[in-house]
Amino acid sequence: MTKTELIGLIERQRRFEWDLARDEQTRAAARLIAGKTHDLLNLVQIVKLATAELAKRCDPTGLEFIDDLTRAAIDAEASLKQVMAVARPSHAVTGRVRTGDPVGAAITQIVDELRRAIPIDLHLALAPDTTTALSHDELGHLILGLALEAASAPRIELHVRQRAIADVPWVEILRGADLPPYHDALPFDLRTVEVLVARAGGELSIAERRGGGSELVVALPATFASA
């Protein structure tokens, strides 16, 4: 891979980071709107209950105003429910974990692109049909972020394996490199990794590596394409 090709990979990652940031902002706005709309629906419900009680105590003239209030509350409730439907995130929990693409194939492809410019040793130890909640492209960008952040290291060790924690299957991606551990904020290239890991319901941890350098571990809940 030439320097130009490496720059192309970096540009691809930056475009993905931009799209990811916009999507995160959209999701955050949707959560805020959904929360505020829920509060307004509670107030509308109070108005509906109050008008029902007032209707029992009003004369015919007062009932006209009560009818107006009741219709307004019903219209407001319908409009707010429409807002809730629009604000509801597309990734809402459905009681079922989304199955992405096979992990091994996605990681092998991106590493094959990278290793001509960045020295990476890849070790795969998982079944071919092992998947996570991440798509092929998301897995590629996750590995690209790990590699670009450690590109200055003499060599990167990448171990991808399946393991069970409390009888629950996980995919563990371990990146070892001769880099100092991070004691403060995550480096920029790991921000994308952090967001993707969180979306997949996983965990990200960084520690000192025995013998020097740092060890970064990404753990993702595993699923199986054939299940």
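Here the structure is shown first, and the text comes after it.
Here is a short report on the structure shown in this document. (Residues numbered from 1 in each chain as written. Predicted model: local features only at pLDDT ≥ 70, side-chain atom pairs only at ≥ 80, totals over all residues. Heavy atoms only, no water.)

Digging into the overall build of the protein
Helices and strands together make up the secondary structure of the protein, namely five helices and seven strands. What you see in the protein, going N to C, is helices and strands ordered as α-α-α-β-β-α-β-β-α-β-β-β. Counting over 227 residues, the protein shows a buried share of 34%. Accessible surface computed for the protein: about 13,300 Å², of which carbon and sulfur atoms make up 57%. (Helix = DSSP H or I, 4+ residues; strand = E, 2+ residues; numbered from the N terminus. Buried < 20%, exposed > 50% of the residue type's maximum accessible area, 1.4 Å probe, protein only. Areas by Shrake-Rupley, 256 points an atom, 1.4 Å probe, with all protein chains shown as cover.)

Comments concerning the pairing of strand S6 (residues 214-221)
Strand residues, when the strand is regular, have side chains that alternate between the two faces of the sheet. Among the eight residues that make up S6, six are buried, leaving the element largely enclosed by the rest of the structure. The sheet contact formed by strand S4 (residues 168-177) and S6 spans eight bridges and is antiparallel. Within the sheet, the bridge partner assigned to Val171 lies in S6 and is Leu220. Taken together, the six bridges between strand S5 (residues 203-208) and S6 define a ladder with antiparallel strand orientation. Along S6, the bridge assignment pairs Glu203 with Ala219. (Pairing = 2+ DSSP bridges.)

What to know about helix H3 (residues 103-114)
Helix length check: H3 (twelve residues) gives 17 Å between terminal C-alpha atoms against 16 Å at 1.5 Å per residue, within 8%. Listed in full, the buried residues belonging to H3 are Val103, Gly104, Ala106, Ile107, Ile110, Val111 and Leu114. Take H3 and look down its axis: the buried residues cluster within an arc of 165°, on one side only. (Expected span 1.5 Å × (residues − 1). Arc of directions from axis to C-beta.)

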